[in-house]
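Each chain, letter by letter, is given below.
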Protein chains: 2
Amino acid sequence: MEFSKDELDFFLRKYQEFLKIPSVSATGEGINEAASWLKEFMKELGINAEIVKTKGHPVVYGKADNGGNKTLLVYNHYDVQPVDPLNGWKYPPFSATISNGYIFARGASDNKGTLIARLLAFSKYKGKLNFNFVFEGEEEIGSINLGEFIESRKEELSKSSAVIMEGAGLDTKERPMIVLGVKGLVYVQITVKTGERDVHSSVAPVIKNPVWELIKILNEIYDGNKVKIKGFYDNVKITREVEELLDKIDLDVEEYKKSLGVYSLNFEDSKELVSALYLSPSCNIDGIIAGYVGQGSKTIAPSHAMVKMDFRLVPDQNPKKIYEELERIVKSHNGEIIPMGLEKPVRTDLNTAVVKAMVSSANKAYSKDPIILPNAAGTQPMGLFYDLGIREIVSAIGVGTPSSNAHAPNENVKLENFYKAIEHSLYFYEDYESNNYM
Amino acid sequence: MEFSKDELDFFLRKYQEFLKIPSVSATGEGINEAASWLKEFMKELGINAEIVKTKGHPVVYGKADNGGNKTLLVYNHYDVQPVDPLNGWKYPPFSATISNGYIFARGASDNKGTLIARLLAFSKYKGKLNFNFVFEGEEEIGSINLGEFIESRKEELSKSSAVIMEGAGLDTKERPMIVLGVKGLVYVQITVKTGERDVHSSVAPVIKNPVWELIKILNEIYDGNKVKIKGFYDNVKITREVEELLDKIDLDVEEYKKSLGVYSLNFEDSKELVSALYLSPSCNIDGIIAGYVGQGSKTIAPSHAMVKMDFRLVPDQNPKKIYEELERIVKSHNGEIIPMGLEKPVRTDLNTAVVKAMVSSANKAYSKDPIILPNAAGTQPMGLFYDLGIREIVSAIGVGTPSSNAHAPNENVKLENFYKAIEHSLYFYEDYESNNYM
């Protein structure tokens with residue numbers, strides 16, 4: 001596919017225009033301006049676009065009916081992470097400066113670059129595929145009101161035959177990534193309170209220390225190796241097909257360890273490491289606090305102790321059931337539990353139109369085989385779309401690479417990868433609509 | 001024993017003079033003035049007194065040679081707790097206001113009242129007992145430099161035949177308390193560090209979470225009921241004689257629970273509760289921290305976790321051996337341990353001159369049997385004197401009761417109890433010197 005000089009200029013101009021509008025969801029800076037710009041641009045492209053207010057930042061929602069039988073739901077977010085530390089940036093973060101074939105800006109990769117590439121591909125698309133564009137403004141602060149928006153447009157949205165999520169981008173070798181799903185999540189806060197105030201630790205022999213009580217709970221949840229919650233592993237589904245996908249991933253264990261800044265990993269073998277990262281559920285402690293943690297010594301027994309923990313789930317674990325078991329354990333020890341996030345794991349079948357078209361279009365755009373992951377190691381709000389009854393959901397097509405510095409200073413995208421993402425999107429729209437795979 | 005009106009006036013005048021000088025060790029307010037006043041007053045009483053500088057607040061040290069065979073070491077502290085919250089006080093905390101037979105002042109009970117009572121008794125003493133007075137200025141901030149002082153005067157101090165500590169005061173029924181010892185202490189800070197920085201919790205399946213690692217350590221130390229450290233209970237010594245002492249203590253379990261503000265106690269039976277409080281060692285968590293503990297959810301695996309914990313020890317547990325076992329466990333899990341206090345448990349034998357004289361003099365002064373405790377539930381720097389080779393150490397004679405509000409606003413002492421403490425001291429000096437017990 002060859003774009004003309006004029007087309008490329010237009011693509012870049014729109015990319016820069018969009019990046020120059022700050023849209024920091026954490027502070028609200030520029031959010032409304034960015035949403036307005038986006039709505040206007042979508043209208044220019046013939047999309048029936050509107051700004052949908054939520055309790056937080058608005059969703060920019062657009063529909064385009066091209067008269068076909070299939071509707072693609074395109075999900076992205078127009079909000080970005082804060083820019084600090086500002087002095088880490090070579091160019092002002094909203095200057096969209098171009099240097100040596102790269103564009104530098106907050107949001108260049110995550111996620112404005114991918115969003116705009118998909119819209120620019122739409123501007124060149126001549127086929128019959130229908131579109132629902134859902135561009136939210138709160139992804140970087142936890143998609144707080146996305147569920148409420150989806151619920152309010154449930155009927156229209158549930159007619160979508162497939163969803164493409166925010167975008168997986170390219171790997172270190174610039175191979176396009178196709179991610180078939182996400183891990184689920186159970187995030188809880190557990191508190192044990194044993195008294196009204198801290199007491200002198202000389203009474204330790206006769207009172208209950210809330211940290212020891214909390215550790216009893218934690219010991220019932222996890223043995224340091226395996227989760228002990230009843231039925232936790234029962235529905236973990238690992239097929240041969242999925243394992244084979246991971247065989248293609250090569251990961252340098254030493255490099256990976258270095259990139260995380262950790263002193264050791266649970267696996268020395270690359271295959272085992274990759275398998276655990278993508279296919280194993282986990283039980284993580286995010287934070288814990290009780291009592292005196294300042295300088296020196298203070299001899300008290302605290303009155304309460306609190307832990308925050310998250311479980312990453314894989315298909316077909318059920319977050320609700322796991323939460324209920326957790327609740328049972330915590331309450332049996334007179335603790336309190338607060339759910340702070342329950343998300344379903346999702347994994348789209350390899351043998352679906354959306355995956356076939358994604359593979360086919362990736363090959364056309366990049367002349368390389370894509371890397372297919374059974375799911376992300378993390379969680380995205382895929383479950384919200386799954387709950388609409390849609391069973392073809394993937395995260396793919398993106399402008400970024402692992403060195404794009406998402407969430408960090410000097411976020412950047414190679415312009416060539418931006419144009420490739422437009423190309424990839426366009427091939428995908430065509431292949432998905434026509435069922436015509438290479 | 002009857003004191004004249006003039007004598008009583010003199011006692012009270014000196015008590016008030018002393019209380020009117022602030023001596024807050026936490027801030028240093030008035031410390032030097034209080035030390036100077038004390039030295040001058042001791043000199044007036046014919047004591048060879050000096051101010052001994054330390055790295056912190058000075059010790060006021062005095063010797064009185066009356067030509068006898070025995071030397072009594074009298075330990076007290078002239079420093080006091082801060083006065084806040086100031087608006088909780090009925091009278092200014094350094095006004096030493098007298099109201100309805102009570103004196104109100106910070107330090108009235110803890111510990112200036114007892115200190116001055118012992119000196120005033122000395123002013124009336126005509127016998128041959130020799131004295132070493134050690135009045136420190138840092139008790140309320142952890143007796144930081146007391147060990148250094150004792151070391152510097154080791155030769156003189158180790159000639160003392162007995163030590164009376166800060167003073168146990170009276171119980172709720174105004175019976176004099178004699179406390180034969182203290183629990184020991186091992187206070188440690190344990191840290192586990194697994195990486196250079198927090199990482200996203202999506203990598204939880206492959207990395208080590210420092211909180212789970214710390215919990216492995218804690219599980220090797222304590223099973224929620226018993227300490228698992230090798231040899232921990234081997235030297236716990238509970239004699240029938242000691243158990244019988246506790247039989248005399250009646251403690252209302254419900255009242256006690258209420259006073260601590262805790263929701264439950266490990267014992268419902270008063271006898272079991274008292275036994276555990278005084279005779280059981282304990283393993284307490286003072287504080288724990290790791291990762292994100294703010295509002296809402298943040299999905300990270302922390303880079304490090306820290307716990308502070310204390311063990312209260314009973315005779316004849318050895319803090320050094322226990323610390324060494326702890327160190328072995330912590331290091332086997334790649335953790336770091338810092339000792340923040342190792343103190344020996346001490347328990348003076350019932351069949352000693354100091355105890356016999358204390359019981360005899362208590363009976364004379366109060367016309368009541370004293371309550372004898374095998375040791376305090378807490379820790380005082382008794383071990384420092386024990387290390388001098390002295391085997392007769394008790395905490396007894398004091399002006400306060402449980403309602404004296406030590407460390408709180410409106411600290412107070414009933415004047416009658418102040419005069420009784422002078423009387424008790426004087427009888428004790430006489431009985432101890434003469435071996436003439438009632």
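**Observations concerning the overall build of chain A**
Along the backbone of chain A there are 13 helices and 19 strands. A compact globule built from 438 residues should have a C-alpha radius of gyration of about 22 Å, and chain A, at 24 Å, falls within 12% of that. Taking the principal axes of the C-alpha coordinates as reference, chain A spans close to 80 × 50 × 45 Å. Taking all 438 residues of chain A together, 59% fall into the buried category. Counting contacts in chain A only where the partners sit at least 6 residues apart, residues at least 24 apart contribute 79% of the total.

**Remarks on the relation of the copies chain B and chain A**
Expressed as a screw operation, the relation of chain B to chain A combines 0.2 Å of axial shift with a rotation of 180 degrees, fitting to an RMSD of 0.1 Å. Considering both components of the superposition, the chain copies are consistent with a two-fold axis. Minimal C-alpha distance to the rotation axis in chain B is attained by B:I289, lying at 2.2 Å. When you check the interface residues of chain B against chain A, 100% turn up at the interface there too, and the contact is symmetric in its surfaces.

**Some thoughts on helix α7 (residues 240-247) of chain B**
Residues and elements named next belong to chain B. Taken together, the buried positions of α7 are occupied by V242, L245 and L246. The buried residues of α7 all sit within an arc of 95 degrees when viewed along its axis, so they share a single face. Each element contacted by the buried residues of α7 is listed here: α9 (270-279), β16 (346-347) and β17 (371-373).

**So, unusual backbone geometry**
Residue A:D316 is reached from A:P315 by a cis peptide bond, and omega for that bond is -5 degrees. Here A:D316 shows up in the loop between β14 (304-313) and α10 (319-332). One non-glycine residue with positive phi stands out, namely B:S367, at about 50 degrees. With respect to the helices and strands, B:S367 occurs in the loop between α11 (353-366) and β17.

**Regarding the pattern of salt bridges**
Close approach of charged atoms lets side chains of opposite charge pair. Enumeration according to the criterion identifies 47 salt bridges over all chains in this entry. Close ionic contact of B:K39 with B:E40 constitutes a salt bridge, the shortest N to O distance being 3.6 Å. One continuous salt-bridge network, built from bridges that share partners, spans A:D171, A:K173, A:R175 and A:D250.

**With respect to the interface of chain B and chain A**
Counting from both sides, the interface comprises 70 residues of chain B and, opposite them, 70 residues of chain A. Three residues, B:V206, B:W212 and B:Y263, lead the burial of chain B against chain A; their summed loss comes to 14% of the area buried on that side. Summed over the shared surface of chain B and chain A, the number is zero salt bridges. Connecting chain B to chain A are 43 residue pairs in polar contact (both at pLDDT 80 or more). Looking at the side of chain B that touches chain A, the elements with two or more residues in it are β10 (184-193), β11 (199-200), α6 (210-221), α8 (253-260), α9, β12 (282-291), β13 (300-301) and β14 (304-313) of chain B. Ranked by residue count, the leading element in the side of chain B that touches chain A is β12(B), at ten residues. One ladder, built from five bridges, connects strand β12 (residues 282-291) of chain A with β12(B); its direction is antiparallel. Each residue of the ladder has a partner; that of A:G287, found in β12(B), is B:G291.

**A word on empty space enclosed by the protein**
If you walk through the whole model with that rule in mind, you get one cavity of 30 Å³ or more. Lining of the largest cavity is provided by A:T194, A:G195, A:R197, A:V199, A:I207, A:K208, A:P302, A:S303 and B:V262. Classifying every residue of the lining of the largest cavity gives four nonpolar, three polar and two charged.

**With respect to the sheet that holds strand β18 (residues 393-396) of chain B**
Strand pairing in a sheet takes place through backbone hydrogen bonds and is either antiparallel or parallel in direction. All names here are of chain B. Strand order in the open sheet formed by eight strands is β1-β2-β6-β3-β7-β18-β8-β17, and the pairing between neighbours is mixed. Both outer strands of the open sheet, β1 (48-52) and β17, are each paired with one neighbouring strand and no more. Neighbouring strand axes in the sheet, compared pairwise and without regard to direction, differ in orientation by 20 degrees on average. Sheet topology note: the strand β8 (residues 177-179)/β18 ladder contains two bridges and is antiparallel. In the strand pairing of β18, V179 is matched with S395. Sheet strands in contact with helix α3 (residues 112-124) are β2 (59-64), β3 (71-77), β6 (130-136), β7 (162-165) and β18, and its direction is about 150 degrees off that of β3.

**Quick notes on the packing of aromatic side chains**
All chains considered together, the criterion is met by 44 aromatic pairs over all chains. Relative to B:F41, the ring of B:W37 has its centre 5.4 Å away and its plane inclined at 25 degrees; by these criteria the two rings are stacked. You can see B:W37 and its partner B:F41 sitting in helix α2 (residues 31-44), four residues apart, about one turn around the helix. Residues B:W37 and B:F41 agree in their burial class; the two are buried. Ring geometry for B:F418 and B:Y419: centres 5.5 Å apart, planes at 50 degrees, overall tilted. Overall, B:F418 belongs to the buried group, its relative accessible area being 0%. Given a relative accessible area of 18%, B:Y419 falls into the buried group. Against the face of A:Y233 rests A:K226, its NZ or CZ located 5.0 Å from the ring centre.

**Notes on the packing of α7(B) against α9(B)**
To characterise two packed helices, one gives the angle between the axes of the helices and the distance between these axes. Residue and element names in this part refer to chain B. Relative to each other, α7 and α9 sit at 125 degrees, their axes nearing to 10 Å. Taken together, the axes of α7 and α9 are oblique relative to one another. When you trace α7 past α9, the crossing you get is right-handed. Of the residues in α9, those touching α7 at V242, E243, L246 and D247 are K271, V274, S275, Y278 and L279. Looking at the contact of α7 with α9 residue by residue, the class counts come to five nonpolar, one polar and three charged.

**What about the sheet that holds strand β19 (residues 412-414) of chain B?**
Residue and element names in this part refer to chain B. Strand order across the open sheet formed by three strands is β4-β5-β19, with antiparallel pairing between neighbours. Taken across any chain shown, the strands that pair with only one partner, and hence form the sheet edges, are β4 (97-99) and β19. Shown here is a sheet whose adjacent strand axes are inclined to one another by a mean of 25 degrees, direction ignored. Two elements, strand β5 (residues 102-104) and β19, share three bridges in a ladder whose sense is antiparallel. Considered in β19, the bridge of Y102 is made with K414. Here helix α1 (residues 5-19) sits on the sheet in contact with β4, β5 and β19, set at roughly 20 degrees to β5.

**Let's talk about the domain arrangement of chain A**
All names here are of chain A. Here the domain parsing of chain A yields domain 1 (5-182 + 345-434) and domain 2 (184-236 + 281-343). Taken together, the contact between domain 1 and domain 2 spans ten residues of the former and nine residues of the latter. Buried area between domain 1 and domain 2, both sides added, is near 630 Å², and the carbon and sulfur share of it is 58%. Sorting the residues of domain 1 by area buried against domain 2 places P345, R347 and T379 first, and these three jointly supply 76% of that buried surface. The interface formed by domain 1 and domain 2 includes zero salt bridges. Where domain 1 packs against domain 2, one counts zero residue pairs in polar contact (both at pLDDT 80 or more). Residue composition of the side of domain 1 that touches domain 2, grouped by class: five nonpolar, four polar and one charged.

Criteria and cut-off values
Numbering of residues begins from 1 in every chain and follows the order in which that chain's sequence is written. Chain A is the first chain written and ligand 1 is the first ligand written, with later ones labelled in order. Totals for whole chains, interfaces and linings use all residues, but because this is a predicted model, local features are given only for residues with pLDDT of at least 70 and pairs of side-chain atoms are given and counted only at 80 or more. Only hydrogens and water are set aside when side-chain values are computed; all heavy atoms of the structure are taken into account. Each helix is a run of H or I in the DSSP string that is no shorter than four residues. Each strand is a run of E no shorter than two, and both are numbered from the N terminus. Here the radius of gyration uses the C-alpha set of atoms, whereas the globule reference equals 2.2 Å times the residue count to the power 0.38. Think of it in three bands: with a 1.4 Å probe and only protein chains considered, a residue is buried below 20% of the maximum accessible area for its type, exposed above 50%, and partly exposed in between. The contact rule is simple, with two residues in contact once any of their heavy atoms fall within 4.5 Å. When the copies are superposed, the least-squares fit takes in the C-alpha atoms of residues with a pLDDT of at least 70 in both. What the arc measures is the spread of directions leading from the helix axis to the C-beta atoms. The rule for a salt bridge is simple: a side-chain nitrogen of Lys or Arg has to be within 4 Å of a carboxyl oxygen of Asp or Glu. Accessible-area loss on putting two parts together, using a 1.4 Å probe and summing over both, is the definition of buried area adopted here. Under this definition, polar contacts are N or O atom pairs within 3.5 Å; protein pairs additionally need one hydrogen-donor-capable and one acceptor-capable atom, and for neighbouring residues in sequence, both atoms have to be side-chain atoms. Strand pairing is defined by DSSP finding a minimum of two bridges between the two strands. Here a cavity means grid points, on a 1 Å grid over the protein atoms only, where a 1.4 Å probe fits yet cannot get out; a pocket means an open set of points with protein on both sides within 12 Å along at least five of seven lines; lining residues are those with an atom within 4 Å of a point. Grid points are joined across faces, edges and corners, and a volume is the space filled by probe spheres set on the points. For this classification, Asp, Glu, Lys and Arg are treated as charged, while Ala, Val, Leu, Ile, Met, Phe, Trp, Tyr, Cys and Pro are nonpolar and the rest, including Gly, are polar. Lines fitted to the C-alpha atoms define the axes, with helices restricted to the stretch that makes contact. Angles between their N-to-C directions range from 0 to 180 degrees. Note on ring pairs: Phe, Tyr and Trp rings are taken, using the six-membered ring of Trp, and paired if centres are within 6.5 Å. Classes follow the plane angle, with under 30 degrees stacked, over 60 edge-to-face and the rest tilted. Comment: the charge-over-ring label is applied if NZ (Lys) or CZ (Arg) is within 6 Å of the ring centre and within 35 degrees of the ring normal. Roughly parallel refers to an angle under 35 degrees, roughly antiparallel to one over 145, roughly perpendicular to one between 65 and 115, and oblique to any angle outside these ranges. Crossing handedness is read from the near helix: turned anticlockwise from the far helix by less than a right angle, it gives a left-handed crossing, and turned clockwise, a right-handed one. Residue ranges for the domains originate in an automatic or database domain assignment.

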